[in-house]
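Structural characterization, general
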Amino acid sequence: ESDVSDRLTLESVRDSLIRQEDNIVFSLIERAKFPLNAATYDPSYFSMPGSYGSLVELVVKQTEAVQAKAGRYENPEEHPFFPDDLPPSQVPPHKYPRVLNPAAVFVNVNKKIWDVYFNKLLPLFVAPGDDGNYASTAVRDLECLQVLSRRIHYGKLVAEVKFRDEWKHYEPAIRARDKKTLMDLLTAPAVEKAVKKRVAKKACIFGQEVKVGDDSDENKGKYKVNPAVVSRFYGDWVIPLTKDVEVQYLLHRLD
Ligand SMILES: C=C(O[C@@H]1C=C(C(=O)O)C=C[C@H]1O)C(=O)O
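Numbering of residues starts from 1 in each chain and follows the order in which that chain's sequence is written. Local features in a predicted model are, by the rule used here, given only for residues with pLDDT of at least 70; side-chain atom pairs are given and counted only at 80 or more, and totals for whole chains, interfaces and linings are based on all residues. Just so you know, side-chain values use all the structure's heavy atoms and leave hydrogens and water out.

- If you check an unreviewed UniProt entry, the chain appears there as Chorismate mutase from Gossypium laxum.

Some points on the overall build of the chain
- A run of DSSP states H or I qualifies as a helix once it reaches four residues; a run of E qualifies as a strand once it reaches two. Both are numbered from the N-terminal end. Helix and strand counts for the chain stand at 10 helices and 0 strands.
- Going from N to C terminus, the chain has its helices and strands arranged as α-α-α-α-α-α-α-α-α-α.
- Each radius of gyration reported is based on C-alpha atoms, and the globular scaling rule is 2.2 Å times the count of residues to the power 0.38. In summary, the chain has a C-alpha radius of gyration of 20 Å against a globular reference of 18 Å for 255 residues, a match within 12%.
- Dimensions along the principal axes, computed over C-alpha positions, put the chain at roughly 55 × 50 × 40 Å.
- Burial here depends on accessible area, computed with a 1.4 Å probe over protein chains only, as a share of the maximum for the residue type. Under 20% is buried, over 50% is exposed, and the range in between is partly exposed. Out of the 255 residues belonging to the chain, those deemed buried represent 43%.
- Whether two residues touch is decided by their heavy atoms; if any such pair falls within 4.5 Å, the residues are in contact. Contacts in the chain between residues far apart in sequence, at least 24 positions, make up 76% of those at least 6 positions apart.
- Only the protein chains shown count as covering a residue, and every accessible area follows the Shrake-Rupley method with a 1.4 Å probe. When the accessible surface of the chain is split by element, carbon and sulfur atoms take 53% of a total near 14000 Å².
- When the 37 positive and 37 negative side-chain charges of the chain are each reduced to one mean point, those points stand 3 Å apart. His is not counted here, nor are the chain ends, while Lys and Arg score as positive and Asp and Glu score as negative. Note on charges: their place is set at NZ of Lys, CZ of Arg, CG of Asp or CD of Glu.

Some points on the confidence of the model for the chain
- Of the residues in the chain, 94% have a pLDDT of 70 or more, and the chain-wide mean is 94.
- The ipTM, which scores confidence in the relative placement of chains, is 0.99 for this predicted complex, and the corresponding pTM is 0.95. Confidence of the prediction at every residue is given by pLDDT, a number between 0 and 100.

Comments concerning the nonpolar core
- Nonpolar core, defined: a set of buried Ala, Val, Leu, Ile, Met, Phe, Trp, Tyr and Cys residues in which side-chain atoms within 4.5 Å join the residues together. Grouped together as the largest cluster of nonpolar side chains are 39 residues, with contacts concentrated most on Leu 28, Tyr 117 and Phe 125.
- Of all elements in the fold, only helix H2 (10-31), helix H3 (55-69), helix H4 (110-125), helix H5 (134-153), helix H9 (189-206) and helix H10 (227-251) reach the threshold of two or more residues within this core.
- Not counting residues up to four positions away in its chain, the partners in contact with Leu 28 are Tyr 117, Leu 121, Phe 125, Cys 144, Val 225 and Val 230.
- Val 158, Ala 159, Phe 163 and Tyr 170 belong to the second-largest nonpolar core, a separate cluster that totals 20 residues.

Some remarks on the packing of H5 against helix H6 (residues 155-165)
- It is the contact of H5 with H6, at a shortest axis distance of 4 Å, that shows an interaxial angle of 15°. With respect to H6, the axis of H5 lies roughly parallel. Across the interface between the two elements, Arg 151, Ile 152 and His 153 of H5 pack against Gly 155, Lys 156 and Leu 157 of H6. Axis definition: a line fit to C-alpha positions, over the contact stretch in the case of helices; interaxial angles, taken between N-to-C directions, run 0 to 180 degrees. Roughly parallel refers to an angle under 35 degrees, roughly antiparallel to one over 145, roughly perpendicular to one between 65 and 115, and oblique to any angle outside these ranges.

Considerations on the side chain of Ser 27
- In this structure, Ser 27 sits in helix H2.
- Given the relative accessible area of 5%, Ser 27 is considered buried.
- If we ignore the near neighbours within four places in the chain, the residues touching Ser 27 are Glu 143, Cys 144 and Val 147.

Brief notes about the environment of Pro 88
- Mapped onto the elements, Pro 88 comes out in the loop between H3 and H4.
- It is 25 Å that separates the C-alpha atoms of Pro 88 and Leu 157, two residues lying 69 residues apart in sequence.
- Contact partners of Pro 88, with chain neighbours within four places excluded, come to Ala 68 and Lys 69.

As for the site of the ligand
- Residues are counted as near a molecule or strand when any one of their heavy atoms sits within 4 Å of it. Taken together, 15 residues are adjacent to the ligand, and Arg 14, Arg 151, Lys 162, Ala 188 and Glu 192 come closest.
- N or O atoms closer than or at 3.5 Å make up a polar contact, with two conditions inside protein: a donor-capable atom paired with an acceptor-capable one, and, for residues adjacent in sequence, both atoms drawn from side chains. Measuring from an oxygen atom of the ligand, one finds a side-chain N or O atom of Arg 14 at 2.6 Å.
- At 2.6 Å from an oxygen atom of the ligand is found a side-chain nitrogen or oxygen belonging to Glu 192.
- Those elements giving two or more residues to the shell around the ligand turn out to be H2, H6, H9 and H10.
- Sorting elements by how many residues they give to the shell around the ligand places H10 first, with 4 residues.
- Each residue is assigned to one class: nonpolar for Ala, Val, Leu, Ile, Met, Phe, Trp, Tyr, Cys and Pro, charged for Asp, Glu, Lys and Arg, and polar for all the others, Gly among them. Here the residues of the shell around the ligand sort into 7 nonpolar, 2 polar and 6 charged.

A look at the packing of aromatic side chains
- Pairing of aromatic side chains requires ring centres within 6.5 Å, counting the rings of Phe and Tyr and the six-membered ring of Trp. Pairs whose planes differ by under 30 degrees are stacked, by over 60 edge-to-face, and all others tilted. Per the counting criterion, the structure on display carries 8 aromatic pairs.
- Their ring planes at 5° and their centres at 4.7 Å tell us that Phe 26 and Phe 206 sit as a pair that is stacked. Note that Phe 26 is positioned in helix H2 and Phe 206 in helix H9, a separation of 180 residues in sequence.
- Taking relative accessible area as the criterion, Phe 26 reaches 42% and is therefore assigned partly exposed.
- Members of the aromatic cluster, each reached through a chain of ring pairs, are Tyr 41, Phe 81, Phe 82, Trp 114, Tyr 117 and Phe 118.
- The rule for a charge over a ring is simple: NZ of Lys or CZ of Arg within 6 Å of the ring centre, and within 35 degrees of the ring normal. Note that Lys 61 overlies the ring of Phe 82, its terminal NZ or CZ placed 4.7 Å from the centroid.

Remarks on the pattern of salt bridges
- The working definition used for a salt bridge is a side-chain nitrogen of Lys or Arg within 4 Å of a carboxyl oxygen of Asp or Glu. Following the criterion strictly, the structure yields 17 salt bridges and no others.
- Between Glu 77 and Arg 150 there is a salt bridge, with its nearest N and O atoms 2.8 Å apart. Within this pair, whereas Glu 77 is found in the loop between H3 and H4, its partner Arg 150 is found in helix H5, the two being separated by 73 residues in sequence.
- Residue class for Arg 150 comes out partly exposed when judged on its relative accessible area of 26%.

Next up, the structure:
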């Protein structure tokens, strides 16, 4: 049986990133069903024993605790937002193929993802207002955070494949801790451009009203999430954070 890492190619890793776009766009559409619902993020909205902060923090922390028991974070592709005090996995260990350098576990940009999602993205793609559905809102946020985190940390696998393909170029830059050269080596501008175009198109296709027996174009241009916002969010944050993960991982690749 061949080693999983032998089947890992830049193409297969990119295919996964493309598939994850579907998940991200759908999750944003689901969140955008609700208005901002500011109470979800307001620590003074409720109080309960233990220091959970806001409702969304309660939902994320408690969900992560349950998922940790179920073994979610044993998977090197999953990263918790609140790694401190997580309970251990309760399930028999699964033998994940060892593909990444073990130092990969120390690369976690979820704090940044949390900040960017709530402060940069959310105000741009949800309507202002309050409909009282705070718990559902928090659950949708959790979903968005998890799919974004998975996508961005996939940068570790991308970097691993690129390193294997071109180690002769990467090694000297890693030894010299030369982040600028690493960034230049791993950047593929044409791929980035295609990603931004494709996510805008997905937001158009997945987010349109589908009508039967009505040929009029009255719904043309009305989308559940603004395709331009999704594309800009990818260009300004998702891609740069993925590349940040790539560089951070590569710096540890020879540890
Ligand atoms: C992920 C990759 O690395 C970089 C980041 C990209 C992204 O986040 O979509 C796209 C191209 C590269 O500049 C890749 O090459 O596929």
